[in-house]
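Listed below, chain by chain, are the residues.
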Amino acid sequence: MADEETPETTGPDFPTGRVKKIMKLDKEINKVNSEALFLVTCATQHFLEFLAERSAEVAKEKKRKTVKLEHMRLAVKRHRQTSDFLLDSLPVPSESLDLQAADKSRSLAVADKPKPVPAGTRRIDQFFSKPVSDAST
């Protein structure tokens, strides 16, 4: 029995607490089983590793060292299963540098006002920020 090697099981690198918070944003989910949390965390980690590897391959094909949104979009387009659900969620890259310069000048003028979000949605930065306590009471 000493000769038999048992494979080491390691936990996911992603913080399971953060994944659990994201899962609980769905109003239909009240409790999250530890096994389900482990599986969702591992699946998320594997998916993001896959997406990063494919995007890096596209960047290398384009002779670039930095992975950009266009590389990620192309990697998603090449993989049909991922393309079916993810492509519509990725932002469309700008057409030209002139449009980017115009957008930057406009964004500086309206930097004080945040963009409105559709009803029933939350901005992702609100999720990751610390809750503000009400000091008036």
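Further up the page is the structure itself.
Bear in mind that the values here come from a model prediction, so they are computed numbers and not experimental data.

(A) Looking closely at a negative patch on the surface. On the surface, a cluster of negative charge is made up of D13, E49, E53 and E57. Here D13 is to be found in the segment before α1 (16–23).

(B) Geometry of the packing of aromatic side chains. One pass over the structure, following the stated rule, counts one aromatic pair. With 5.9 Å between their ring centres and 45° between their planes, F47 and F85 make a pair best called tilted. With F47 in helix α2 (residues 34–61) and F85 in helix α4 (residues 80–86), this residue pair connects regions lying 38 residues apart in the sequence.

(C) Up close: the packing of α2 against helix α3 (residues 69–78). Contact geometry for α2 and α3: axes closest at 8 Å, N-to-C directions at 115°. Between α2 and α3, the interaxial angle falls into the category roughly perpendicular. α3 is crossed by α2, and the crossing has right-handed handedness. The segment α2 lies against α3, with L51, R54, S55, V58, A59 and E61 engaging H71, M72, L74, A75, V76 and R78. Here the residues of the contact of α2 with α3 sort into seven nonpolar, two polar and three charged.

Cut-offs used in this document
Residues numbered from 1 in each chain as written. Predicted model: local features only at pLDDT ≥ 70, side-chain atom pairs only at ≥ 80, totals over all residues. Heavy atoms only, no water. Patch = residues over 30% accessible without salt bridge, like charges linked within 9 Å, V, L, I, M, F, W, Y side chains within 5 Å. Areas by Shrake-Rupley, 256 points an atom, 1.4 Å probe, with all protein chains shown as cover. Salt bridge = Lys/Arg side-chain N within 4 Å of Asp/Glu carboxyl O. Lys, Arg positive; Asp, Glu negative; His and termini not counted. Charge placed at Lys NZ, Arg CZ, Asp CG, Glu CD. Helix = DSSP H or I, 4+ residues; strand = E, 2+ residues; numbered from the N terminus. Phe/Tyr/Trp six-rings, centres within 6.5 Å; stacked < 30°, edge-to-face > 60°. Axes fitted to C-alpha atoms, helices over the stretch in contact; angles between N-to-C directions. Parallel < 35°, antiparallel > 145°, perpendicular 65-115°, else oblique. Left-handed = near helix turned anticlockwise from the far one by under 90°. Contact = heavy atoms within 4.5 Å. Nonpolar A, V, L, I, M, F, W, Y, C, P; charged D, E, K, R; others polar.

Function cannot be read off these values alone, since they describe shape.
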